[in-house]
Amino acid sequence: MAVISNIFIDSGADYTSTVTVTDGTGSAYDLTGFTAAAQIRKTYESSAATVSFTVAFNADRTTGQLDLTLTGAQTAAVTAGRYVYDLLITSSAGALTRVVEGIAQINPRVTQ
């Protein structure tokens, strides 16, 4: 079951969040051989992503850490409001696991 974590993103600003994937005992999950994808959508039923995160694994994949990143240009292109997001990892055998999900609140900006 995925961890629920709501995020707040400022429009027009760079955004990075580090996610640590753990197993049932709380130990870091070895992500060697895994790929990952993360998206923001307006609703769970939306047919297309509003924006996709760049996902970067820690150089030492045994730490279970990866970074979700959006550039300032990406966040500026998203209309302020409430969205949903998740992060999926895929094993080398093709098994999909959703590790984190939640609400992504895009905050409007003043300085343009």
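Residues numbered from 1 in each chain as written. Predicted model: local features only at pLDDT ≥ 70, side-chain atom pairs only at ≥ 80, totals over all residues. Heavy atoms only, no water.

Draft legend 1. Highlighting the pattern of salt bridges. Evaluated as defined, the whole model comprises two salt bridges. Close ionic contact of D86 with R98 constitutes a salt bridge, the shortest N to O distance being 3.8 Å. One end of the pair, D86, is in strand β8 (residues 81–90); the other, R98, is in strand β9 (residues 96–107), and 12 residues separate them in sequence. The exposure class of R98 is partly exposed, given its relative accessible area of 40%. (Salt bridge = Lys/Arg side-chain N within 4 Å of Asp/Glu carboxyl O. Helix = DSSP H or I, 4+ residues; strand = E, 2+ residues; numbered from the N terminus. Buried < 20%, exposed > 50% of the residue type's maximum accessible area, 1.4 Å probe, protein only.)

Draft legend 2. The pairing of strand β4 (residues 35–41), seen in detail. Examined bridge by bridge, β4 and β8 share seven bridges and lie antiparallel to one another. Pairing of A36 across the sheet is with I89, part of β8. (Pairing = 2+ DSSP bridges.)

Draft legend 3. Structural view of the packing of aromatic side chains. Scanning the entire structure with this criterion turns up three aromatic pairs. Taking the centre distance of 5.8 Å and the plane angle of 80° together, the rings of Y29 and F34 count as edge-to-face. Accessibility expressed as a relative area gives 11% for F34, which makes it buried. A ring pair is formed by F53 and Y85, whose centres lie 6.3 Å apart and whose planes are at 65°; its orientation type is edge-to-face. A residue pair is termed long-range when its members are at least 10 positions apart, and F53 in the loop between β5 (51–52) and β6 (54–57) and Y85 in strand β8 qualify at 32 residues. Overall, the relative accessible area of 7% leaves F53 in the buried class. A network of ring pairs unites the aromatic residues Y15, F53 and Y85 as a single cluster. Sitting over the ring of Y83, K42 keeps its end group 4.4 Å from the ring centre. (Phe/Tyr/Trp six-rings, centres within 6.5 Å; stacked < 30°, edge-to-face > 60°. Lys NZ or Arg CZ within 6 Å of the ring centre and 35° of its normal.)

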